[in-house]
Amino acid sequence: MRDTSIPEIVACPDGPLLVRGDFEIVSTTGKALPRRRKAVALCRCGASGIKPYCDGTHKLIGFRTGPENGQ
């Protein structure tokens, strides 16, 4: 069983970064951003309308991640 207090980041293929655990998201001005869930999806494609959070736009624009190193 995973310790939920330790942050975990999962890079979804062709999608967002899923972040789980005890963490804080901070803006460039240093202000803590609201978080209503224990896990959040962060935009990786740059096209989300609700950045830094993912809104699913990566599917519409055909965002693709490259192959992982070593594969």
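Before reading on, note that the structure itself is shown above.
Residues numbered from 1 in each chain as written. Predicted model: local features only at pLDDT ≥ 70, side-chain atom pairs only at ≥ 80, totals over all residues. Heavy atoms only, no water.

Q: Would you explain the overall build of the protein in this entry?
A: When helices and strands are counted, the protein shows one helix and three strands. Traced from its N-terminal end to its C-terminal end, the protein shows the element sequence β-β-β-α. In terms of its C-alpha atoms, the protein occupies a principal-axis envelope of roughly 30 × 30 × 20 Å. Within the protein, the proportion of its 71 residues that are buried is 21%. (Helix = DSSP H or I, 4+ residues; strand = E, 2+ residues; numbered from the N terminus. Buried < 20%, exposed > 50% of the residue type's maximum accessible area, 1.4 Å probe, protein only.)

Q: What is the right way to read the layout of surface pockets from this model?
A: Unfilled space is identified by rolling a water-sized probe across the atoms. Empty space within the largest pocket amounts to approximately 190 Å³. The residue inventory of the lining of the largest pocket, partitioned by class, reads six nonpolar, no polar and three charged. (1 Å grid on protein atoms, 1.4 Å probe; cavity = no way out; pocket = protein on both sides within 12 Å on 5 of 7 lines; lining within 4 Å. Points joined across faces, edges and corners; volume = space filled by probe spheres on them. Nonpolar A, V, L, I, M, F, W, Y, C, P; charged D, E, K, R; others polar.)

Q: Sorry, what's going on with empty space enclosed by the protein here?
A: Evaluation of the coordinates by the stated rule reveals one cavity of 30 Å³ or more. Space inside the largest cavity adds up to approximately 30 Å³. In terms of lining residues, the largest cavity is bounded by Gly15, Pro16, Cys43, Arg44, Cys45, Cys54, His58 and Phe63. Classifying every residue of the lining of the largest cavity by side-chain character gives five nonpolar, two polar and one charged.

Q: Explain the pairing of strand 2 (residues 17-20) here, please?
A: Regular strands place their side chains on alternate faces of the sheet. Note: strand 1 (residues 8-11) against strand 2, four bridges, orientation antiparallel. Its bridge partner lying in strand 2, glutamate 8 is registered against arginine 20. Joining the antiparallel neighbours strand 1 and strand 2 is a turn of five residues, in which aspartate 14 adopts a positive phi near 60 degrees. One ladder, built from four bridges, connects strand 2 with strand 3 (residues 39-42); its direction is antiparallel. The residue bridging leucine 17 from the neighbouring strand is leucine 42, located in strand 3. (Pairing = 2+ DSSP bridges.)

The values are spatial; any link to function lies outside them.
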